[in-house]
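Each chain, written out:
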Amino acid sequence: MHLRYYILRRLLLIVPVLVGLSLVTFTVARLVPGDPVKLAAGPRASPEEIQRLREAFGLDQPLPVQYLQYMRGVLQGDLGRSMMNGRPVTTDLRRYFPATLELVLVSMVLAVVLGIPGAVVAAVYRDRWPDQLSRVLALGSISMPVFWLAIMLQLLFAQYLRVLPVSGRFDARVPYPETITGMLILDTLLRGDWTSFRIALRHLLLPAVCQSLLALALTTRFLRSDILDVLQRDFVRMARANGIPERIILFKYVLKNALIATVSMLGFLFGYSLGGSVLIETVFDWPGIGLYAMNSALTLDFQPIMGITLFVGLLFTLVNLATDLLYGLLDPRIRYG
Amino acid sequence: MTSRSFSLDPRRGGWAQWREEHRSWWEEWRRGIHRFRRSRLSMVGLVMVLSLVGVALTGPWWVPHPEDATGALHISERFQPPSWEHPFGTDEVGRDVFSRVVLGTRISFQVGAIILIVAITIGVTLGGMAGYFGGWVNEVIMRVTDIMLTFPGIFLALAITAALGPGVRNAMLALSITWWPGYARLVQAQVLSAREEDYVEAARAIGAGHARILFRHILPNLLSAIIVKASMDIGFAILNLAALGFIGVGAQQPTPEWGAMVAFGRRFLPHYWWYSTFPGLAMFFTVFGFNMLGDGLRDVLDPQSRHGV
């Protein structure tokens, strides 16, 4: 059974990647010209207090020792503590990650639901106006400064038209729903709490639309060219010769074959987006790991940054592995080497 | 464009002879240019990019208020809505937003170009070495490349810029550091397959050294792939610089950088809408132009790749 070895090998390869990631972030963290401890201690801290804090964080040790101590913690599931709020990084990750996951999942669903029909239409009307329109829209979407678009949508829908909330995840005037998974949409649905569900959905709408733009553009155009490719294959000509209706050929045979590559691209984008939603979370004040990362970077709080990097890097590699396996499931011709 | 040397010496026929010697290459170019000119989007992109380059080069001489990019204050004229005097309105200290947006073009283009030059230099050198020498050199370089590619989005750039201190220069440095792995990947894969080609074998047989084979024989063949990637990337480099400016770790006041302008203008929404809107529009059209151009260039230079947007 080659597959088991393949998975094992890929899992083992994650180790050097994570060591590399941690080394790079650790180096970056030590580039800081200022003294993060002094910053964290506040302007009125005495030298003794600063020294005590430095020892508490282990920052008085030589660098290799610091690194090894950090890695020992990581292996035990301890990513250190934030210097700014004093909480363990793992606690914060657990608190903020569901918000990011919810945002990214919904944006991926949007991209798939809108992207597949878009691609089919563009492929069917190849080089005619629907195709050209989708090409311009896709190029426009990937050219969009997403943080600016977010601000403009906020301005239009929340401030001028007043139909959607400006920012945040939930209405502050309503009691916050009890969480199960931390993803509000899912939790409120599971509890059958429709009022809260609507509130959460209204908050999610604009961020999810902005977040989905890139994936939507790529899905539409990549899938379009894959559909056109598959349409050239012999089995399609065969099916046509047999008099199978074009609609059935397109949706039953062609689309199924063309979707394979799109799945792998979506997998990559999903992993990538988990760490790439910094800008959207900033504009919409969405309490996910992107906002957490930005706040940590701006306050030079490097334990959270290292923690987030390792966490997101691990997720990214795992998602890619899962995508590769799914790819083999969808296309049995693929052999793992 | 080509690795062979040519001479403009009239005794050797100069231009005509050069064209004769490079006939296949020349024909390919003419076909490519023809394809490019037939694609309306690419032509629109080309015109947009050329005009923006013109704006970037000449801007300082014709903008109405060049002093507004270097810290001038006109408090009495703050938050004027768009008018003939100030087409894009004025900001919170009365500076002309139009002048600042125009002068911002220069910064974005410069920084975008520098980021790509640095990234391509590092990426092509490392990727070329990895592909050419193979073995442990390849392993080491490509593992490092993979690790760099695992970093989520603009995250590493954000961390580096925050650590080094905010400013255009550090943002540029951070983005260059995070940008090279894409080129290393591209070049490594191509060099790996070119290594076994006959012409490389031939060059080796006549005693060419490693550097000569790599830089004079193999890399010129990859030029079009690199140009295509670079033409799409420059727009994204500009967007990323703006993103860092927006977060607050990029350009600082009074530098007229688009992302930072959007961030400042955002504080005065919804009343003074023009302050954030116009720098963002400038950014969008610039990147859109580059992407349309890049899309057309890919059809011309890299006809095999069908995965166009």
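Residues numbered from 1 in each chain as written. Chains lettered and ligands numbered in written order. Predicted model: local features only at pLDDT ≥ 70, side-chain atom pairs only at ≥ 80, totals over all residues. Heavy atoms only, no water.

Enquirer: Can you help me understand the packing of helix α13 (residues 289-298) of chain A against helix α14 (residues 302-330) of chain A in this one?
Expert: In helix packing, the relevant descriptors are the interaxial angle and the interaxial distance, both defined with respect to the helix axes. Residue and element names in this part refer to chain A. Between α13 and α14, the shortest axis-to-axis distance is 9 Å and the interhelical angle comes to 145°. For the element pair α13 and α14, the recorded crossing hand is left-handed. Taking contact as the criterion, the partners of Ile-289, Tyr-292, Ala-293, Ser-296 and Ala-297 in α13 are, on α14, Pro-304, Ile-305, Ile-308 and Val-312. The residue inventory of the contact of α13 with α14, partitioned by class, reads 8 nonpolar, 1 polar and no charged. (Axes fitted to C-alpha atoms, helices over the stretch in contact; angles between N-to-C directions. Helix = DSSP H or I, 4+ residues; strand = E, 2+ residues; numbered from the N terminus. Left-handed = near helix turned anticlockwise from the far one by under 90°. Contact = heavy atoms within 4.5 Å. Nonpolar A, V, L, I, M, F, W, Y, C, P; charged D, E, K, R; others polar.)

Enquirer: Can you walk me through the packing of helix α7 (residues 146-160) of chain A against helix α9 (residues 194-231) of chain A in this structure?
Expert: All names here are of chain A. Here α7 crosses α9 at 150°, and the two axes come no closer than 10 Å. Here α7 is positioned roughly antiparallel relative to α9, judged by the angle of their axes. Between α7 and α9 the crossing geometry is right-handed. Residues Val-146, Leu-149, Ala-150, Leu-153, Gln-154 and Phe-157 of α7 form the contact with α9, whose own contacting residues are Leu-206, Cys-210 and Leu-213. In terms of residue class, the contact of α7 with α9 is built from 8 nonpolar, 1 polar and no charged. (Parallel < 35°, antiparallel > 145°, perpendicular 65-115°, else oblique.)

Enquirer: Would you mind going over empty space enclosed by the protein with me for this structure?
Expert: Unfilled space is identified by rolling a water-sized probe across the atoms. With the rule as written, the count across this model stands at 5 cavities of 30 Å³ or more. Its volume calculated, the largest cavity comes out at about 50 Å³. Looking at the lining of the largest cavity residue by residue, the class counts come to 6 nonpolar, 3 polar and 1 charged. (1 Å grid on protein atoms, 1.4 Å probe; cavity = no way out; pocket = protein on both sides within 12 Å on 5 of 7 lines; lining within 4 Å. Points joined across faces, edges and corners; volume = space filled by probe spheres on them.)

Enquirer: How should I be thinking about the domain arrangement of chain A in this particular structure?
Expert: Interfaces are often sized by the amount of accessible area the parts lose when they come together. All names here are of chain A. According to the domain assignment, chain A consists of domain 1 (2-75) and domain 2 (91-147 + 206-330). On a C-alpha basis, the centroid separation for the pair domain 1 and domain 2 is 33 Å. At the interface, 18 residues of domain 1 touch 17 residues of domain 2. Taken together, both faces of the contact between domain 1 and domain 2 bury some 1,600 Å²; the carbon and sulfur share is 82%. (Domains from an automatic or database assignment. Buried area = accessible area lost by both parts, 1.4 Å probe.)

Enquirer: Explain the environment of Asp-146 of chain B to me, please; I cannot follow it from the model alone.
Expert: Residues and elements named next belong to chain B. Within the secondary structure, Asp-146 is located in helix α5 (residues 135-150). According to the relative accessible area criterion, Asp-146 is buried, its value standing at 19%. At 3.0 Å, the side chain of Asp-146 forms a polar contact with the side chain of Arg-143. (Buried < 20%, exposed > 50% of the residue type's maximum accessible area, 1.4 Å probe, protein only. Polar contact = N/O pair within 3.5 Å; in protein donor to acceptor, adjacent residues only side chain to side chain.)

Enquirer: Whenever I open this one, the confidence of the model for chain A confuses me. Can you help?
Expert: A residue-level look at chain A finds 96% of positions with pLDDT of 70 or above and a mean pLDDT of 86. Per-residue pLDDT, averaged within each element of chain A, yields its smallest value for helix α2 (residues 36-41) of chain A (70) and its largest for helix α5 (residues 89-124) of chain A (92). (pLDDT = per-residue confidence, 0-100.)

Enquirer: Before we go on, may I ask you to explain the interface of chain B and chain A in this structure?
Expert: Counting from both sides, the interface comprises 44 residues of chain B and, opposite them, 51 residues of chain A. Each partner contributes to the roughly 4,300 Å² buried at the junction of chain B and chain A, and carbon and sulfur atoms together form 79% of this total. Along the contact surface separating chain B from chain A lie 1 salt bridge. A salt bridge links Asp-295 of chain B to Arg-135 of chain A; its shortest N-O distance comes to 3.0 Å. Put simply, chain B and chain A have 6 residue pairs in polar contact (both at pLDDT 80 or more) between them. (Salt bridge = Lys/Arg side-chain N within 4 Å of Asp/Glu carboxyl O.)

Enquirer: Help me out: how do you make sense of α13 of chain A in this one?
Expert: Spacing of three or four residues puts side chains on the same side of an α-helix, whose turn is 3.6 residues. All names here are of chain A. Where burial is concerned, most of α13 is hidden: 8 out of the 10 residues are buried. Those residues of α13 lying buried are Ile-289, Gly-290, Leu-291, Tyr-292, Ala-293, Met-294, Ser-296 and Ala-297. Just downstream of α13, Leu-300 is the residue with a positive phi angle, here 55°.

Enquirer: Would you take a moment to explain the side chain of His-65 of chain B for this structure?
Expert: By secondary structure assignment, the location of His-65 of chain B is in the loop between α3 (40-62) and α4 (97-133). Beyond its immediate chain neighbours, meaning those up to four positions away, His-65 of chain B contacts Glu-85, His-86, Asp-96 and Ser-99 of chain B.

Enquirer: For this particular structure, what's the right way to read the packing of aromatic side chains?
Expert: In this description, an aromatic ring pair is defined by two values, namely the gap between the centres and the angle between the planes. Counted by the stated rule, this structure contains 20 aromatic pairs over all chains. When the centroid spacing of 5.1 Å and the interplanar angle of 85° are considered together, the rings of Tyr-132 of chain B and Phe-133 of chain B count as edge-to-face. Chaining the aromatic ring pairs together yields one cluster made of Phe-79, Phe-88, Phe-98, Phe-268, Tyr-272, Trp-273, Trp-274, Tyr-275 and Phe-278 of chain B. Above the face of the Tyr-96 of chain A ring, Arg-95 of chain A is positioned so that its terminal group lies 6.0 Å from the ring centre. Here the basic side chain of Lys-229 of chain B rests over the ring of Tyr-183 of chain B, its NZ or CZ set 5.0 Å away from the ring centre. (Phe/Tyr/Trp six-rings, centres within 6.5 Å; stacked < 30°, edge-to-face > 60°. Lys NZ or Arg CZ within 6 Å of the ring centre and 35° of its normal.)

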